[in-house]
Structures are given as structure tokens and as C-alpha cells.
Amino acid sequence: QQQVKQSPQSLIVQKGGIPIINCAYENTAFDYFPWYQQFPGKGPALLIAIRPDVSEKKEGRFTISFNKSAKQFSLHIMDSQPGDSATYFCAASRGKLIFGQGTELSVKP
Amino acid sequence: DAGVIQSPRHEVTEMGQEVTLRCKPISGHDYLFWYRQTMMRGLELLIYFNNNVPIDDSGMPEDRFSAKMPNASFSTLKIQPSEPRDSAVYFCASSLWGGDNEQFFGPGTRLTVL
């Protein structure tokens with residue numbers, strides 16, 4: 001019930017492509033769904049977050065799509081750049097964050 | 001602000017030794033979180049504090065692990081005695097309003113137990 005399942009484990013796209021990372025959760029009590037970005041040797045940093053009262057949120061090239069009935073949410077990165085190469089973690093929270101396993105994204109020039 | 005500060009950045013120790021990891025949260029943040037990151041288990045919450053009081057320590061793996069927050073600007077995570085399976089990157093994070101809001105992570109401490 002506390003798990004957050006993330007896929008794929010790794011993803012390679014060409015520059016300009018639109019990588020999509022998916023997450024699923026079980027606990028309907030979760031009320032905050034952030035995505036964190038982590039570069040090698042650094043701590044995770046918040047990228048974008050959504051609450052379950054909206055189905056989509058966009059910030060710059062990053063979009064979260066949220067499907068409450070399916071208990072799924074996803075991250076889309078528009079016009080991806082080599083600088084977006086990092087590990088992305090979804091998470092779900094009700095007071096404390098439960099992280100997915102992470103997706104290692106590589107954007108090729 | 002300098003962000004969340006952790007020390008040391010790297011620690012190599014031998015099995016059985018005591019290890020103390022340190023964290024200074026962002027000034028004014030009322031919440032402090034300790035996480036552990038490994039390839040096998042990913043990022044997992046160990047314990048978090050609100051206003052220096054431990055709120056949830058259900059993620060602390062064993063009694064060998066303990067955490068304290070003696071004041072608003074300092075926290076420690078201690079492992080005594082350490083074991084090779086404790087090898088991981090340990091992150092400290094702080095937040096203004098708790099787990100349902102942005103958490104600011106420190107750079108982490110890479111612990112290797114031989």
C-alpha cells in the first residue's frame with residue numbers, strides 16, 4: 001500500500017524528443033505528488049509537483065499528467081536537452097515522501 | 001542561504017566502528033528529514049523531525065541507528081556499531097512546511113563500511 005512503482009528504469013532519447021516517465025501508487029490517502037531530479041553526486045531537487053485536485057500541471061518544458069481514478073501520474077519533458085540527462089524520481093506523500101525507484105534518463109545530442 | 005549542509009561528504013570506516021553524520025538545515029525550516037539511498041532500496045526515509053522533535057522514526061532500520069536534533073540548526077545520525085550493509089549515501093533534507101511541500105536536500109554523505 002505504501003509503494004510507488006516507477007517505470008521505465010532507464011530511458012534514452014534523442015535531443016528534442018519527449019521522454020515520458022510513469023508512476024503508479026496504491027494508497028488513495030496520498031495527496032501530494034512531486035518529481036525530483038538528481039544529478040550524479042548531488043542531492044535530489046524538486047522539479048515539479050501536483051496535488052490530486054488537478055489533472056495536469058505544466059512548468060516550462062516539464063508537465064505532470066495525473067489520473068486519480070487510475071492512481072497513476074507521469075512526467076513529460078518537452079524538447080528534451082542533453083542537460084536534462086539525470087535520474088528522475090517520482091514520489092507520493094501524506095506527511096512523508098515515498099519515492100519510486102528512479103528513472104535514469106539520457107538525452108543524446 | 002547556503003542550503004542544507006552535511007558533513008562529512010565521504011566517510012570510510014571499518015565494521016564495528018561508530019559513525020556520526022551531521023546536518024545543518026536551512027535556517028527557518030521547521031522540518032528535517034534523514035534519507036538513505038542505495039541501488040537496491042532506492043531513496044528511503046529514515047526519520048523526520050518537526051521543531052526538533054522526532055515525529056516518525058519507522059524507517060530507522062535497526063537499533064544501531066539513532067538520530068538527534070538538539071537545536072533548530074543541527075542534527076546527527078549515528079550508527080553504532082556500523083556494518084558493511086550500512087554502506088550508502090545518506091541525505092539530510094529540510095522543509096518549511098513538512099513532507100507535503102518542497103524538501104531541500106543536502107549534498108549527501110557517502111558512507112563506506114569495510
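Residues numbered from 1 in each chain as written. Chains lettered and ligands numbered in written order. Predicted model: local features only at pLDDT ≥ 70, side-chain atom pairs only at ≥ 80, totals over all residues. Heavy atoms only, no water.

Chemist: How would you sum up the interface of chain B and chain A? Please name residues and give values.
Modeler: Interfaces are often described in size by the accessible area the parts lose on coming together. Facing 21 residues of chain B, the contacting portion of chain A comprises 18 residues. Taken over both partners, the interface formed by chain B and chain A buries close to 1,500 Å², and the fraction arising from carbon and sulfur atoms is 47%. It is L43(B), D100(B) and F105(B) that lose the most area in chain B upon contact with chain A, and together they represent 37% of the buried surface on that side. Joining chain B to chain A, the criterion identifies 1 salt bridge. (Contact = heavy atoms within 4.5 Å. Buried area = accessible area lost by both parts, 1.4 Å probe. Salt bridge = Lys/Arg side-chain N within 4 Å of Asp/Glu carboxyl O.)

Chemist: Lay out the pairing of strand β8 (residues 74-79) of chain B in plain terms, naming residues and giving numbers.
Modeler: On any regular strand, side chains alternate: one points to one face of the sheet, the next to the other face. All names here are of chain B. In this sheet, β8 lies alongside strand β3 (residues 19-24) in antiparallel orientation, the contact comprising 5 bridges. Across the sheet, residue V19 finds its bridge partner in β8, namely I79. Sheet topology note: the strand β7 (residues 65-71)/β8 ladder contains 5 bridges and is antiparallel. The residue of β8 that forms the bridge with N71 is F74. Hairpin connection, β7 to β8: the antiparallel pair is bridged by 2 residues. (Pairing = 2+ DSSP bridges. Helix = DSSP H or I, 4+ residues; strand = E, 2+ residues; numbered from the N terminus.)

Chemist: Can you explain the state of the cysteines? Please cite residues and give values.
Modeler: For the structure on display, the rule yields 2 disulfides over all chains. Two residues share a disulfide in this structure: C23(A) and C90(A), whose sulfurs sit 1.8 Å from each other. One quick way to see it: the torsion about the S-S bond of C23(A) and C90(A) is about -95°, and its sign makes the bridge left-handed. In this pair, C23(A) is assigned in strand β3 (residues 20-25) and C90(A) in strand β9 (residues 86-93), connecting sequence segments 67 residues apart. When its relative accessible area of 2% is taken as the criterion, C23(A) is described as buried. In this structure C90(A) comes out as buried when scored by relative accessible area, which is 0%. Through a disulfide, C23(B) is tied to C92(B); the S-S separation comes to 1.8 Å. (Disulfide = S-S within 2.5 Å. Buried < 20%, exposed > 50% of the residue type's maximum accessible area, 1.4 Å probe, protein only.)

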